[in-house]
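Single-letter residue listing:
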Amino acid sequence: MRMSGAEALVRCLEDAGVEYAFGISGHANVPVLDALAASSIRFVWVRHEQDAAHMADAYYRFSHRPGVVLTTLGPGMANAVTGVWEAALDCSGMIVISGDVQSYMMGRGAFQELSMHSDGAQYEVFRPFTKRAWQVRDPQLIPYIAHRAFNLATTGKPGPVLIDVPVDHLTAVREFEIPHIAERQATSMRVRGDAAEIHRAVELLMAAESPLIHAGNGTTLSEAAPELASLAEHLAIPVTTSIAAHGVFDTLHPLYGGMPGAVGTPIGNALAREADVVLALGTGFCEMETSSWDPDYSFRFGTDARLIQVDIDPHELGRAYPLEVGIFGDIRTVLREMMELAVAAGPRREWSARGQIRVLQERAAAWNAEKKQAAATSELPIHMERFASELVPLLSDDVIVVCDVGAFRHAIYQYLPIRRPQSWYFPSGLVTMGAGPAAALGAKLASPERPVICFVGDGGFSANSQAVATAVEADIPVVWVVVNNFANDAIRAYQLNHYDGRINGTVFERVDGSAYNPDFAALAQSYGAMALKIRTVEEIAPVMIEALTSERPCVVEIQAAPMKPKPGGHWDVNDLLHAEGEFKRQRDPTRAASR
Ligand SMILES: Cc1ncc(C[n+]2csc(CCOP(=O)(O)OP(=O)(O)O)c2C)c(N)n1
Ligand SMILES: [Mg+2]
């Protein structure tokens with residue numbers, strides 16, 4: 001059929017079942033916008049390309065269907081970098097489409113082109129954080145690149161891909177055949193693990209004294225939550241998760257052990273430290289999750305503990321720690337086979353018969369009591385522990401919690417129960433402050449029937465508040481809670497802890513030292529959203545009920561005290577900063593005294 005390159009591209013997107021494309025216009029993508037207007041795909045324009053990528057990323061996390069981002073060349077692509085990079089590190093399938101310079105002008109100094117090292121090079125900027133970056137060389141190739149792009153973005157470890165199309169290839173009119181994308185994709189990617197190794201893994205787990213299952217994001221991506229729960233319950237094994245995988249195991253389950261690592265919980269770290277056999281599922285064992293790989297705080301592989309690692313990405317196997325058993329395969333499939341072997345080996349184990357679980361439950365009770373005590377304060381500004389605990393009874397089990405980066409997040413993940421998989425968003429790969437406001441919109445579009453609440457700091461909201469405009473324009477009802485503490489509290493804590501309280505660049509104030517922030521509620525109102533404020537403990541419940549039942553985009557600003565999170569693990573950057581602070585204290589003893 002005769003059509004333009006842009007029309008062919010959009011036909012491919014439709015064929016792949018795409019519902020939304022997120023982005024911003026530019027001269028180089030106008031043909032795509034026009035083709036989208038005539039398609040079944042809704043184009044959601046945003047106010048900053050970073051938002052488009054965070055929306056597409058979250059859309060993937062909650063639907064497991066790839067999000068589509070449309071940018072223009074140059075500044076459009078550059079603005080999208082942070083969001084696409086975040087999606088890459090958190091394994092979200094994504095198709096990024098960008099218009100580019102006319103193919104016949106590349107290298108001649110065309111408008112918005114990048115040709116410092118090679119001609120037409122801007123698509124190469126995306127190389128390090130995409131699974132593949134294509135620059136279309138001929139319009140006829142568009143459909144063939146499109147089906148490969150979907151294949152690559154959604155299989156193995158999912159991630160973003162880029163299709164960069166010179167504008168003349170978008171406008172070119174040709175005879176196109178649109179391949180049916182479903183016919184070009186594997187009918188199953190459920191790779192089975194090696195049977196003998198799975199057998200060995202189950203034997204090791206059953207013989208262990210203190211076994212642990214540590215579930216990472218790959219478990220969520222594989223949609224293996226039911227299989228994870230069945231195996232843990234049958235063998236009576238506690239489960240910890242990475243922060244990305246939060247919720248893949250019900251956080252109110254008696255076998256739930258929290259999170260290990262620097263931003264983890266004391267229980268999670270104790271379980272990791274004491275485990276003799278760990279079944280690790282789809283996790284990268286990154287620095288934050290492992291207390292900088294320090295065996296004194298978290299996992300003790302190579303000395304006291306043995307590791308069984310399962311991953312669909314061979315690159316992850318053995319990357320962080322030496323392996324006892326390394327299984328390349330799909331997590332859900334491997335867990336099902338493990339379960340068959342475990343059931344054949346014996347009946348469901350009594351949880352209470354296992355000392356490790358009795359200890360876990362004692363520790364959980366103590367930890368919950370400690371949290372309750374921390375939340376008992378009515379001090380103003382409001383403590384986030386109190387706020388979060390007041391919120392618990394107001395949230396339904398199907399709520400989606402979007403959590404931005406900042407000190408407040410400790411209160412969010414420690415207090416709010418997450419009871420179902422795909423109910424939690426945290427930008428855990430790149431840890432982008434300001435990802436949350438737009439991610440909440442992608443979450444809502446992926447799951448329109450579920451309530452979505454986003455927690456974001458005053459730093460994060462200031463970085464990307466324009467997502468509220470998009471929510472109003474596109475009628476996407478989410479609630480943002482802006483935690484206003486007039487600071488980048490998470491970073492100020494390092495200055496307080498290691499630099500004798502010398503604060504520089506981490507609090508928001510005018511030159512006269514008075515606290516400053518925009519009036520976030522007025523800002524939200526000017527965007528056309530509903531705006532509410534919380535100043536007292538008594539206001540928490542009524543205001544949050546009003547926000548959650550409003551069915552409108554709603555910003556709730558809460559003035560909050562700085563967090564004093566109890567470190568659950570260890571991060572060696574603290575040692576570095578502390579040593580430097582100590583050196584300066586010794587060199588200048590008046591420094592410590594002046595605090
Ligand atoms: C884009 C980006 N810039 C800087 C950082 C470093 N950073 C991590 S946490 C944080 C503070 C966040 O401040 P805020 O949103 O106000 O939350 P708070 O810590 O005050 O609760 C910063 C600046 C980051 N993660 N991302
Ligand atoms: Mg702050």
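The structure under discussion appears in the preceding block.
Asks: Give me the overall build of the protein: which residues, what numbers.
Replies: Helix and strand content of the protein: 22 helices and 19 strands. The C-alpha radius of gyration computed for the protein amounts to 25 Å, which stays within 12% of the reference 25 Å derived for 595 residues, consistent with globular compactness. Once the C-alpha set of the protein is aligned to its principal axes, its extents read approximately 70 × 70 × 55 Å. Each of the 595 residues in the protein was classed as buried or not, and the buried ones make up 57%. Taking as baseline every contact in the protein between residues at least 6 positions apart, the subset at least 24 positions apart corresponds to 75%. Approximately 23700 Å² of the protein is accessible, and the part contributed by carbon and sulfur atoms is 53%. Separation of charge centres in the protein, based on 50 positive and 70 negative side chains, amounts to 2 Å.

Asks: Residues and numbers for unusual backbone geometry, please.
Replies: Leaving glycine out, the prevailing phi sign among residues is negative, and the prevailing peptide bond configuration is trans. Omega for the peptide link from L380 to P381 comes to -10°, which places this bond in the cis form. Secondary-structure assignment places P381 in the loop between α12 (355–374) and α13 (384–391). In this structure, H64 takes a positive phi of about 55° despite not being glycine. The backbone phi angle of W293 is positive, close to 60°, even though this residue is not glycine. Checked against the element boundaries, W293 lands in the loop between β11 (277–281) and β12 (306–311).

Asks: Would you mind going over the coordination of the magnesium ion (ligand 2) in detail, with residue names and values included?
Replies: With distances of 2.0 to 2.1 Å, the protein atoms coordinating the magnesium ion (ligand 2) are D458 (OD), N485 (OD1) and A487 (O). Each donor residue of the magnesium ion (ligand 2) belongs to the same chain, and together they define the spacing D-x26-N-x1-A. Each member of the pair N485 and A487 is classed as buried.

Asks: Tell me about the pattern of salt bridges, and name the residues and values.
Replies: Inspection of every chain in the model, using the stated rule, returns 25 salt bridges. Connected via shared salt-bridge partners are K157, D313, E316 and R319.

Asks: Pulling in residues and values, what's your account of the packing of helix α15 (residues 436–446) against helix α17 (residues 467–474)?
Replies: Orientation of α15 relative to α17, taken along the N-to-C sense of each, is 25°, at an axis distance of 8 Å. If you check the angle between α15 and α17, you find them roughly parallel. Listed contacts from α17 to P437, A438 and L441 of α15 are A467, T470 and A471. Each residue belonging to the contact of α15 with α17 can be placed in one class, and the counts come to five nonpolar, one polar and no charged.

Asks: Could you give an account of the nonpolar core, with specific residues and numbers?
Replies: One finds L279, M338, F387, F455, M544 and V556 to be the most contacted residues of the largest nonpolar core, which totals 79 residues. The residues contacting F455, other than those within four sequence positions of it, are F387, L391, V401, V402, C403, D404, F408, I412, L416 and V481.

Asks: Kindly report on helix α10 (residues 266–274), identifying the contributing residues and their values.
Replies: Every α-helix carries 3.6 residues per turn, so stepping three or four residues along brings you back to the same face. Every buried residue of α10 is listed here: I267, G268, N269, A270, L271 and A272. Buried residues along α10 sit against β9 (211–215), β10 (239–241) and α12.

Asks: Lay out the layout of surface pockets with the relevant residues and their values.
Replies: Approximately 530 Å³ is the volume attributed to the second largest pocket. Residue lining of the second largest pocket: 24 residues in total, with T251, L252, N368, K371 and Q414 positioned closest to the centre. Breaking the lining of the second largest pocket down by element, the ones donating at least two residues are α12 and α14 (409–415). Residue contributions to the lining of the second largest pocket peak at six residues, all from α12. Split by residue class, the lining of the second largest pocket holds 12 nonpolar, 10 polar and two charged.

About the criteria used
- Residues numbered from 1 in each chain as written.
- Chains lettered and ligands numbered in written order.
- Predicted model: local features only at pLDDT ≥ 70, side-chain atom pairs only at ≥ 80, totals over all residues.
- Heavy atoms only, no water.
- Helix = DSSP H or I, 4+ residues; strand = E, 2+ residues; numbered from the N terminus.
- Rg over C-alpha atoms; globule rule 2.2 N^0.38 Å.
- Buried < 20%, exposed > 50% of the residue type's maximum accessible area, 1.4 Å probe, protein only.
- Contact = heavy atoms within 4.5 Å.
- Areas by Shrake-Rupley, 256 points an atom, 1.4 Å probe, with all protein chains shown as cover.
- Lys, Arg positive; Asp, Glu negative; His and termini not counted.
- Charge placed at Lys NZ, Arg CZ, Asp CG, Glu CD.
- Donors = N, O, S within 2.8 Å, 3.2 Å for Na, K, Ca; no water.
- Salt bridge = Lys/Arg side-chain N within 4 Å of Asp/Glu carboxyl O.
- Axes fitted to C-alpha atoms, helices over the stretch in contact; angles between N-to-C directions.
- Parallel < 35°, antiparallel > 145°, perpendicular 65-115°, else oblique.
- Nonpolar A, V, L, I, M, F, W, Y, C, P; charged D, E, K, R; others polar.
- Core = buried A, V, L, I, M, F, W, Y, C linked by side-chain atoms within 4.5 Å.
- 1 Å grid on protein atoms, 1.4 Å probe; cavity = no way out; pocket = protein on both sides within 12 Å on 5 of 7 lines; lining within 4 Å.
- Points joined across faces, edges and corners; volume = space filled by probe spheres on them.

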